[in-house]
Amino acid sequence: RLLQRPERKRILFVLSDGQPAAGCCKYGSLHTHLKKVVKDLERNSGLTLVGFGMLTDAPKHYYSNYMLVNNLSKFPETLMSNLYKQLI
């Protein structure tokens, strides 16, 4: 739905609490799939993707634009600061 929006600037914030996981799949296939999807979206979609690691550094393995939040009380400040940078 975000890709269908008419706005010139579209930003997707992804909050992560760790590596991709699902009971039905092996980690390797999820890891590979997420890397491919993120790479495709970053290159070809016109979206700005930002991965936020909530007490984890997992997003640095998937997103070229990421923030690590190790103190959750700082999350609102970190989020708004990053949003501001993306909008200017």
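Let me begin by describing the structure that accompanies this report. (Residues numbered from 1 in each chain as written. Predicted model: local features only at pLDDT ≥ 70, side-chain atom pairs only at ≥ 80, totals over all residues. Heavy atoms only, no water.)

## Considering the overall build of the chain
Thought 1: Within the chain one finds two helices and three strands.
Thought 2: Judged by the C-alpha coordinates and their principal axes, the chain covers about 40 × 35 × 20 Å.
Thought 3: Among the 88 residues that make up the chain, the fraction classed as buried is 30%.
Thought 4: In the chain, 52% of the contacts between residues at least 6 apart in sequence involve partners at least 24 apart.
Thought 5: Total accessible area on the chain is roughly 6200 Å²; 55% of this is exposed by carbon and sulfur atoms.
Thought 6: Of the side-chain charges in the chain, 13 are positive and 6 negative, and the distance between the mean point of each set is 5 Å. (Helix = DSSP H or I, 4+ residues; strand = E, 2+ residues; numbered from the N terminus. Buried < 20%, exposed > 50% of the residue type's maximum accessible area, 1.4 Å probe, protein only. Contact = heavy atoms within 4.5 Å. Areas by Shrake-Rupley, 256 points an atom, 1.4 Å probe, with all protein chains shown as cover. Lys, Arg positive; Asp, Glu negative; His and termini not counted. Charge placed at Lys NZ, Arg CZ, Asp CG, Glu CD.)

## Looking at the sheet that holds strand β2 (residues 47-54)
Thought 1: In spatial order, the strands read β1-β2-β3; together these three strands make up an open sheet with parallel pairing. Sheet topology places β1 (10-16) and β3 (66-69) at the edges, where each strand pairs with a single neighbour. Strand after strand, the sheet turns through a mean of 20° between neighbouring axes, direction not considered.
Thought 2: Each of β1, β2 and β3 is contacted by helix α2 (residues 75-87), which is oriented at about 165° to β2, the strand it contacts most. (Pairing = 2+ DSSP bridges. Axes fitted to C-alpha atoms, helices over the stretch in contact; angles between N-to-C directions.)

## Comments concerning the pairing of β2
Thought 1: Burial within β2 is extensive, with eight of its eight residues counted as buried.
Thought 2: One ladder, built from seven bridges, connects β1 with β2; its direction is parallel. Across the sheet, residue Arg10 finds its bridge partner in β2, namely Leu47.
Thought 3: As paired strands, β2 and β3 are joined by four bridges and run parallel to one another. Bridge pairing in β3 links Phe52 to Met67.

## Side note on the nonpolar core
Thought 1: If you look at the biggest cluster of nonpolar residues, it comprises six residues: Ile11, Val50, Phe52, Met54, Val69 and Phe75.
Thought 2: In terms of residue count, the dominant contributor to this core is β2 (three residues).
Thought 3: For Phe75, the residues in contact, after removing those within four places along its chain, are Leu15, Phe52, Met54 and Val69. (Core = buried A, V, L, I, M, F, W, Y, C linked by side-chain atoms within 4.5 Å.)

## Some thoughts on the pattern of salt bridges
Thought 1: Here the structure, examined in full by the defined rule, presents three salt bridges.
Thought 2: Across the salt bridge formed by Lys36 and Asp40, the nearest N and O atoms sit 2.8 Å from each other. On the criterion of helical spacing, the pair formed by Lys36 and Asp40 is a turn pair, its members being four residues apart in helix α1 (residues 27-44).
Thought 3: The partner of Lys60 in a salt bridge is Asp57, and the shortest N-O contact between them spans 3.4 Å. (Salt bridge = Lys/Arg side-chain N within 4 Å of Asp/Glu carboxyl O.)

## A closer look at α2
Thought 1: Its 13 residues give α2 an end-to-end C-alpha distance of 18 Å, which sits within 8% of 18 Å, the value for a rise of 1.5 Å per residue.
Thought 2: Within the sequence span of α2, burial applies to Phe75, Thr78, Asn82 and Gln86. What you see down the axis of α2 is that its buried residues fit within an arc of 70°, all on one side. The exposed set on the far side of α2, more than 90 degrees from its buried face, consists of Glu77, Tyr84 and Leu87.
Thought 3: In this fold, the buried residues of α2 make contact with β1, β2 and β3. (Expected span 1.5 Å × (residues − 1). Arc of directions from axis to C-beta.)

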